Amino acid sequence: MSKPDYKRVLLKLSGEVLMGNQQFGIDPEFVAELAKEVKEAKETGLQLCLVIGGGNIFRGMAGAAKGMDRAQADYMGMLATVMNALAMQNALEQLGVPTRVQSAIEMDKVCEPVIRRRAERHLEKGRVVIFAAGVGAPYFTTDSGAALRAAEMRCDALLKGTSVDGVYDCDPKTNRSAKRYNSVDYDTVLAQNLRVMDASAVALCRDNDIPIVVFSIREKGNLAKVLRGEGTQTIVRKG
Ligand code: UDP
């Protein structure tokens, strides 16, 4: 695989990767390890946007399943993503990486609101921009937030760091003969309901021609490898 020509990427991390080996919440040691990976990626000369989920703290669907009002629960989920963003900002700045957090729900005491032109300027100045609170509306996920910001910031790719090393034709945890794709097109992902990101996020990437690179963030050094075009990954793109 040749080295991809990325100048600006958006990295989406699910909240779960921040909890390390815990069952819940944020493990600061693990966040520090992730921050090192992000720093390494940034040092390749890339402009980097980050979106972090909130599933390690709260998911709206889980609240709704237990009888909460869905929208109310989703707002709690969005607030969880802000906490994760602040944890990552802290870890990055302890490594000397300048960052700004921009939240889709305004919170002027803790971070900036999302302002595209301002985010643009931060990236030009070499700052990592962490977008928090998803799209700022209930009934969405941070995957959709990631796709939206990737489009808005004209990123060359959306990198989705998860606990699996790519996209499989069926669940590799329950099916030992599951096959991993090196590359797969958006419509196959949507038609076969392959679990990459939620459908609205995949459709937004398809409509804006943004490749989605799915890889494991649990493996040390893997993010930099993926950016060099090495390492195990699946690219979702136009067929
Ligand atoms: N959420 C939302 N709107 C958004 C983004 C997130 O309502 O635009 C809520 C939703 O309840 C979601 C939670 O925030 O379950 C945490 O985000 P997500 O589940 O995407 O986190 P991840 O699975 O990536 O950790």
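Above this text sits the structure in question.
Residues numbered from 1 in each chain as written. Predicted model: local features only at pLDDT ≥ 70, side-chain atom pairs only at ≥ 80, totals over all residues. Heavy atoms only, no water.

Colleague: Sorry, what's going on with the nonpolar core here?
Modeller: Most often, soluble globular proteins have nonpolar side chains that are buried together. Ranked by internal contacts, the top residues of the largest apolar core, which has 37 residues, are Leu50, Met88, Leu92, Ile130 and Leu159. Among the secondary structure elements, those contributing two or more residues to this core are β1 (8–13), α1 (28–42), β2 (47–52), α3 (70–94), β5 (128–132), β6 (157–162), β10 (212–216) and α8 (222–227). Per-element accounting of this core gives the leading share, 6 residues, to α3. Leu92 has contacts with Ala35, Val38, Leu50, Val97, Thr99, Val128 and Ile130, leaving out every residue within four places of it along the chain. The next biggest cluster of nonpolar side chains, apart from the first, holds 27 residues, and it includes Cys49, Leu158, Leu194 and Val214. (Core = buried A, V, L, I, M, F, W, Y, C linked by side-chain atoms within 4.5 Å. Buried < 20%, exposed > 50% of the residue type's maximum accessible area, 1.4 Å probe, protein only. Helix = DSSP H or I, 4+ residues; strand = E, 2+ residues; numbered from the N terminus. Contact = heavy atoms within 4.5 Å.)

Colleague: What exactly am I supposed to notice about the site of the ligand here?
Modeller: The immediate surroundings of the ligand are formed by 20 residues, with Gly15, Arg59, Asp74, Val135 and Thr142 found nearest. Here an oxygen atom of the ligand sits 2.9 Å away from a polar atom, N or O, in the main chain of Gly54. Here a nitrogen atom of the ligand sits 2.7 Å away from a polar atom, N or O, in the main chain of Ala137. With the chains in place, 94% of the 520 Å² that the ligand exposes on its own is no longer accessible. Of the residues in the shell around the ligand, the class split is 6 nonpolar, 11 polar and 3 charged. (Near = heavy atom within 4 Å. Polar contact = N/O pair within 3.5 Å; in protein donor to acceptor, adjacent residues only side chain to side chain. Areas by Shrake-Rupley, 256 points an atom, 1.4 Å probe, with all protein chains shown as cover. Nonpolar A, V, L, I, M, F, W, Y, C, P; charged D, E, K, R; others polar.)

Colleague: Honestly, the pattern of salt bridges in this entry has me stumped. Any pointers?
Modeller: Two side chains bearing opposite charge may form a pair once their charged atoms approach each other closely. Counting across every chain of the model gives 20 salt bridges. Between Glu152 and Arg149 there is a salt bridge, with the nearest N and O atoms lying 2.8 Å from each other. Within this pair, Glu152 and its partner Arg149 are both found in helix α5 (residues 142–152), separated by 3 residues, close to a single helical turn. By relative accessible area, which is 25% here, Glu152 ends up partly exposed. Of the charged contacts in the structure, one is a salt bridge between Asp209 and Lys238, with a shortest N-O distance of 3.3 Å. A residue pair is termed long-range when its members are at least 10 positions apart, and Asp209 in the loop between α7 (199–207) and β10 and Lys238 in the segment after β11 (234–237) qualify at 29 residues. When salt bridges that share partners are traced, they join Arg8, Glu120 and Arg154 into one network. (Salt bridge = Lys/Arg side-chain N within 4 Å of Asp/Glu carboxyl O.)

Colleague: So what exactly am I meant to see when it comes to α5 here?
Modeller: Each full turn of the α-helix corresponds to 3.6 residues, which orients residues three or four apart in the same direction. For α5, the buried fraction is high: 8 of the 11 residues fall into the buried class. Those residues of α5 lying buried are Thr142, Asp143, Ser144, Gly145, Ala146, Ala147, Arg149 and Ala150. The inward-facing, buried residues of α5 abut β1, β2, α3, β5, β6 and α7. The backbone nitrogen of Asp143 has a side-chain oxygen 3.2 Å away, supplied by the residue at the start of α5, namely Thr141.

Colleague: How should I be thinking about the sheet that holds β2 in this particular structure?
Modeller: Paired through their backbone hydrogen bonds, the strands of a sheet run either parallel or antiparallel. Strand order in the open sheet formed by 9 strands is β4-β3-β5-β2-β1-β6-β10-β11-β9, with mixed pairing between adjacent strands. Edge positions in the sheet fall to β4 (112–113) and β9 (183–185), since each has one partner strand and no second. In the sheet, β1 pairs with β2 via 6 bridges, with the strands oriented parallel. The residue of β2 that forms the bridge with Leu11 is Leu50. (Pairing = 2+ DSSP bridges.)

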